[in-house]
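Structure at a glance
Single-letter residue listing:
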Amino acid sequence: MGKKLAAGNWKMNGTSADLAEVSALIAAHPAPACDILICPPATLLSRLSDTAQGSAVQTGGQDCHANASGAHTGDIAAAMLADAGASHVILGHSERRTDHNETDAEVAAKTLAAHGAGLIAVVCIGETEAQRDAGDTLAVIGAQLDGSLPQGCTAANTVIAYEPVWAIGTGRVPSLDQITEVHDFIRARLNDRFAGQDFSLLYGGSVKPDNAAQIFAVGNVDGALVGGASLKAADFSAIISALDAA
Ligand code: PGA
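First, a word on scope: everything that follows refers to the structure included in this document. (Residues numbered from 1 in each chain as written. Predicted model: local features only at pLDDT ≥ 70, side-chain atom pairs only at ≥ 80, totals over all residues. Heavy atoms only, no water.)

1. Structural notes on the site of the ligand
- Residues in close proximity to the ligand total 13 residues, the closest being Lys 11, His 93, Glu 163, Gly 169 and Ser 206.
- Looking at the shell around the ligand residue by residue, the classes come out as four nonpolar, seven polar and two charged. (Near = heavy atom within 4 Å. Nonpolar A, V, L, I, M, F, W, Y, C, P; charged D, E, K, R; others polar.)

In structure tokens:
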């Protein structure tokens, strides 16, 4: 695994017909300089992994349970994602934190479970607009980092995604100075706790073909977690090319 990562989060979008988008993406990027990850809905994970077999595209889940198995209707264990071909799992996305009241402690437990199953955890953190307006951004980010990352995180098993909640799906993007401030803060915080680990830090929130290159030029931005623009091969491909060139 390299440090540069273009990750697509399909959220609750995608059926069999969309596998063709992945085939087009694979054809467009036979030997990318960055890693490419697509996290489809669980129903598509196995087939998408088959489609991507032998290509530069890796696949991941969008959540997992903290337990290895048991009576948890509707949930998916980390080992099941791995069995379906996943190498990664997104954890603690703001939509999970909001829709399912996920706490930092639960995200940390899920991250441990992901590591136990050999998955790379893509741990998401980010402030709300109200928190930013109140001047609390770095305090919120620091607390989420401390609480959501268990002991044992390494650069090989964990990726951090900074996603300001107010930038997700809104078309609004922080200024490059704002991204710089938070990513530099995250890097320093991680260096304090996990000395010697050079984690991959992704920015997420309304990354599009027309703003990707600027964002990738920011120091301490190693890639992106992309929602809407990852659904169409043409858009995601342009973002991957921008990261390859960065
Ligand atoms: P967006 O979503 O790119 O559609 O803003 C990003 C995310 O939620 O990961």
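2. As for the sheet that holds strand E8 (residues 223–226)
- Pairing in this closed barrel of eight strands is parallel, and the strands run E1-E2-E3-E4-E5-E6-E7-E8 around the ring. Neighbour-to-neighbour, the strand axes of the sheet open up by a mean angle of 25 degrees, direction not taken into account.
- Pairing of strand E1 (residues 5–9) with strand E2 (residues 35–39) involves five bridges; the strand directions are parallel. Looking at the pairing, Asn 9 lines up with Cys 39 of E2.
- Relative to strand E7 (residues 200–204), helix H8 (residues 176–193) is tilted by about 150 degrees, and along the sheet it contacts strand E5 (120–125), strand E6 (158–162) and E7. (Pairing = 2+ DSSP bridges. Helix = DSSP H or I, 4+ residues; strand = E, 2+ residues; numbered from the N terminus. Axes fitted to C-alpha atoms, helices over the stretch in contact; angles between N-to-C directions. Contact = heavy atoms within 4.5 Å.)

3. Side note on the state of the cysteines
- Scanning the entire structure with this criterion turns up zero disulfides.
- Residue Cys 39 stays outside any disulfide, its sulfur separated by 9.2 Å from that of Cys 124, the closest cysteine.
- For Cys 124, a relative accessible area of 2% gives the class buried. (Disulfide = S-S within 2.5 Å. Buried < 20%, exposed > 50% of the residue type's maximum accessible area, 1.4 Å probe, protein only.)

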